[in-house]
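Read off the chains here:
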Amino acid sequence: MNKDEIRSVVVKELGKIAPETDATSIDPDADLREELDIDSLDFLNFLTALHKRTGVNVPEPDYRKLLTLNGAIAYLADKLK
Amino acid sequence: MSGEVTYRDACREAIRDAMKRDPRVFLMGEDVGHYGGCYAVSKGLLDEFGPERIRDTPLSESGFTGLGIGAAMNGMRPIVEIMTVNFALLALDQIVNNAATIRHMSGNQFGVPLVVRMATGAGKQLAAQHSHSLEGWFAHIPGLKVLAPATLEDARGMLWTALEDPDPVLIFEHVMLYNMTGSLAAEAGAVAIDKAAIRREGKDVSLITYGGSLPKAVDAAGQLAKDGVSAEVIDLRTLRPLDDETIMASVRKTRRAVIVDEGWRSGSISAEISARILEQALWSLDAPVARVCSAEIPIPYPHHLEEAALPQVPAILAAVRGTLG
Amino acid sequence: MYRFRMPSLGADMEAGTLVEWLKHPGDPVHRGDIVAVVETDKGAIEVEIFVDGTMGRQLVPLDSKVPVGTPLAEIEGAEEEKEAKAPAPAAAVPAPATPSPKPAAAPASVQGLRASPAARKLAAQKDVDLAALKGTGPGGTIVLHDVERAAAGAKLPHRGLDLEKMRAAIAAAMARSKREIPHYYLATDIDLSAALAWLEKTNAARTPEQRLLPAVMTLKSVALAAKKYPAFNGFYDPAKGFAPAKAVHIGNAVAIRGGGLVSPAIHDCDRLTLDQLMEKLRDLVARAREGRLRSSEMSDATVTVSSLGERGVESLYGIIYPPQVAIVGFGTVTRRPIAVDEKLEIRSVVTATLAADHRVSDGHLGARFLKHMAALLQEPEKL
């Protein structure tokens, strides 16, 4: 997957969790939990979806690296090289 | 000139201005001199410029168009006036097989910087043989430029740009526009001849038209606005080359297109525009492209039948509503 | 018998039209005589004969177009060449008539769904099901606007939920609670280090879809404590007094995006494994946010748990949902300095609170309830 595809997957999955927000206007460096008002269950659902879509299994210690949009994209890009 | 003038006045002023600026320019055609022009466009010009530069020709379109081609090839800048597009059929070989091809066939050794002005269209009860709108036909031919001024500014300004063009340009003046009045800026001058113009902005439907149909489209847009439908009116201004960019930008915005063309729909400029919209803007469309054209019959002589045969505002309104659902 | 045939008069000639006979039956013919005129694409061509003989029967009517090689006349007195001089037989396959393009298929009934190109494109992008839409375009065609509306509608959080109504119901319940229930409040800090360490170890070996959240441990601890201390698990009716519930159905407060709150019940919470609890939690939260809860979930809670999650503050003091008699609150887990065996350490600590109905229990019992919860959470593997 290239970075554009990753971004597209991430934005889509965030859109499913927070459907009423315009996923395309997220501040890419803001904490997603604040930006989208999502809780730990939402976040886990998000990671579950990413695992399903990309095959990347994010261990708990790495959660904090995916707390921003850019962070999530960069993390996945790195794992999918 | 300025103030309240007619389209005819603007055409005349364009010729005067060109004649004054460039001594290579001359006008020739049937009755352009002593009679002052069939539609009075060249009235007074013979007195002003003399018989060398305002030349009455014999009744031979093929002959004097060929003359014009030869003069253009030899360094002159002739304006050939063919009384109406109906008679241009007699000069078709000259226009299509000589004027349009000579640069190509001579390997760029010769060009034909010719301007041909013709009246076109119906509405004066001149019946089947004298009511054609064949500008769409000429727009089929590579090597020609085809203009259709529909406003005073364009009637005033397109001629000079056409005369400066090194290749043949045909200018079609709709017979029903000659008496159109309006105001023209004193400094009105040459205008571009390769772009369409948005005469009225809108967002629900694109009304695409040219020449004598422009006032009807504008009228229709006004009526549609009262019903809450915002129509964008595009004046093509030039039929060859077509301004795809302006057309597609509009259709992508409105998602609906209605083309108003006084030619018959079969193989017409409206058909060409439809094909281009299909090619370039299909994914933006919310409805099939609609066309409002003349009825597919030779144009009738009786007034009421002639009116019924030509595109009119009610048909434009109906076509627009058909795209809205 | 010699047969005079339609000659090939050009490399690309396939057929010709016999337009004139210049020799008639009975006329003598000599080699080199012109006997017929044939019309081809290139014009009328006079055709010679190359044998001597007498013109015999003419085989082809005038003005008929025939393929090259077709016998046109018999020449008597002359012989056919032994070797097949005849050019390629009339196998000139007539060019198949290109079928005229079918007229555009009638819309709707033949093609199925009638949607404009613009609508189809957007529907694909936004994952909108066109079949579910009603079209407002010409002839009922689904147009862009219809898809835009559907896509926007799907984003609204309250499909199936009426947030205003919900808020009104919450307001009524909370006001009644504060009016009628004499609340008392207790709080305790619980060291979650052991629990979180166990969780991390457990989750490390699992993929995200199987992982557990800390919430299931706290829920389970409340459930087990409620089982042990029935004074906090049941319903109070002013006329009849307190009725302890037979089962422990924990109402888990779920925040709805857009400002709603609902506490659906997880049935028999004390008897579920952590994995089962996680599964239920996921399902319940998803359905709560879509407004698809079942009536039993809405009415069966015997005690409620509310927590602030990761981004809240240290403690939460809840308001009891009547006719329940207790509500347990969990603040945000924070890293705090605490004394452990005479030493200062930084530990993950959560403040757990209990709000309880003083008509049913008192602080002493409440404290034991909370202490039991805290103890349970020190042995996470037993939860």
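Parameters and conventions
- Along each chain, residue indices are assigned from 1 in the same order as the chain's sequence is written.
- Here every chain gets a letter starting at A, and every ligand a number starting at 1, in the order they are written.
- Predicted model: local features are reported for residues with pLDDT of at least 70 only, side-chain atom pairs are reported and counted for 80 or more only, and whole-chain, interface and lining totals are derived from all residues.
- By definition, any uninterrupted DSSP run of H or I lasting at least four residues is a helix, any uninterrupted run of E lasting at least two residues is a strand, and each is numbered from the N terminus.
- Buried, partly exposed and exposed are defined by the number of other C-beta atoms within 10 Å of a residue's own C-beta, namely 20 or more, between the two limits, and 12 or fewer respectively, with C-beta atoms placed from the backbone.
- In this description, a residue-residue contact is defined by the distance between C-beta atoms placed from the backbone, which must lie within 7 Å.
- As a working rule, the residues Ala, Val, Leu, Ile, Met, Phe, Trp, Tyr, Cys and Pro are called nonpolar, Asp, Glu, Lys and Arg charged, and the rest polar, with Gly in that last group.
- As a per-residue measure, pLDDT reflects the predictor's confidence and takes values from 0 up to 100.
- One bridge is not enough; two strands pair if DSSP finds at least two bridges between them.
- To estimate how far a helix should extend, the number of its residues minus one is multiplied by 1.5 Å.
- Comment: arc refers to directions from the helix axis out to C-beta atoms.
- Simply put, an axis is a line fit to the C-alpha atoms, just over the touching stretch for a helix, and the angle between two N-to-C directions goes from 0 to 180 degrees.

*Asks:* Explain the overall build of chain C to me, please; I cannot follow it from the model alone.
*Replies:* In terms of helices and strands, chain C carries eight helices and 19 strands. Counting over 383 residues, chain C shows a buried share of 33%. Restricting to contacts in chain C with at least 6 residues of sequence separation, those with at least 24 account for 59%.

*Asks:* Mind showing me how you'd approach the overall build of chain B here?
*Replies:* A tally of regular secondary structure across chain B gives 13 helices and 14 strands. Counting across all 325 residues of chain B, residues that qualify as buried make up 51%. In chain B, the proportion of contacts linking residues at least 24 apart, taken out of those at least 6 apart, comes to 78%.

*Asks:* When you look at the interface of chain A and chain C in this model, what are you seeing that I'm missing?
*Replies:* A common way to express how large an interface is: the accessible area buried when the components associate. With 16 residues of chain A in contact, the opposing surface of chain C contributes 20 residues. With six residues, helix α3 (residues 40-54) of chain A is the single largest residue contributor to the side of chain A that touches chain C. Of the residues assigned to the side of chain A that touches chain C, the class counts are seven nonpolar, four polar and five charged.

*Asks:* Could you clarify how one ought to interpret the confidence of the model for chain C in this entry?
*Replies:* Do not read the predicted coordinates in detail wherever pLDDT is low. Per-residue pLDDT for chain C has a mean of 84; in total, 86% of the residues score no lower than 70. Segment residues 83-111 of chain C is flagged for pLDDT under 50; beyond a separation of four residues in sequence, or across chains, it makes 18 contacts in the model.

*Asks:* Got a minute to help me understand the interface of chain C and chain B in this structure?
*Replies:* Between chain C and chain B, the residue contacts involve 12 residues of the former and 11 residues of the latter. Among the elements that take part in the side of chain C that touches chain B, helix α1 (residues 117-126) of chain C stands out by supplying four residues, more than any other. Across the side of chain C that touches chain B, the residue classes tally to six nonpolar, five polar and one charged.

*Asks:* I'm lost on the pairing of strand β2 (residues 25-29) of chain B in this one. Help?
*Replies:* Consecutive side chains of a regular strand alternate in pointing toward one face of the sheet and then the other. Residue and element names in this part refer to chain B. The buried count for β2 comes to five of five residues, which makes it a mostly enclosed element. On β2, burial covers both faces: Val25, Leu27 and Gly29 on one face and Phe26 and Met28 on the other are all buried. Sheet analysis places β2 next to strand β4 (residues 77-84), joined by five bridges and oriented parallel. Across the sheet, Phe26 pairs through a bridge with Pro78, a residue of β4. Where β2 and strand β3 (residues 54-56) come together, three bridges link them in parallel fashion. Along β3, the bridge assignment pairs Met28 with Arg55.

*Asks:* Just checking my understanding: could you explain helix α1 (residues 3-17) of chain A for this structure?
*Replies:* Residue pairs three or four apart in sequence face the same way in an α-helix, which turns once every 3.6 residues. Residues and elements named next belong to chain A. Between its first and last C-alpha atoms α1 spans 21 Å; for 15 residues at 1.5 Å apiece the expected length is 21 Å, and the two agree. Taken as a whole, α1 has its buried residues at Ile6, Val10, Glu13, Leu14 and Ile17. Down the axis of α1, the buried set is contained in an arc of 100 degrees. They therefore lie on one face. Where α1 is buried, its residues meet α3 and α4 (69-79).

*Asks:* For this particular structure, what's the right way to read the sheet that holds strand β11 (residues 231-235) of chain B?
*Replies:* Whenever strands of a sheet pair, they do so through backbone hydrogen bonds, lying parallel or antiparallel. Residues and elements named next belong to chain B. If you trace the five strands from one edge of the open sheet to the other, you get β9-β11-β10-β13-β14, paired in mixed fashion. Each having just a single partner strand, β9 (197-200) and β14 (290-294) make up the two edges of the open sheet. Between one strand and the next, the sheet's axes are offset by a mean angle of 25 degrees, whatever the strand orientation. Of the strand pairs in this sheet, strand β10 (residues 205-209) and strand β13 (residues 257-264) are connected by four bridges, and their pairing is parallel. If you follow Ser206 over to β13, its bridge partner there is Ala257. On top of the sheet, helix α9 (residues 214-226) reaches β9, β10, β11 and β13; it is set at about 170 degrees to β11, its chief contact. In the packing of helix α11 (residues 269-281) onto the sheet, contacts are made with β10, β13 and β14, and the angle to β13 comes to roughly 150 degrees.

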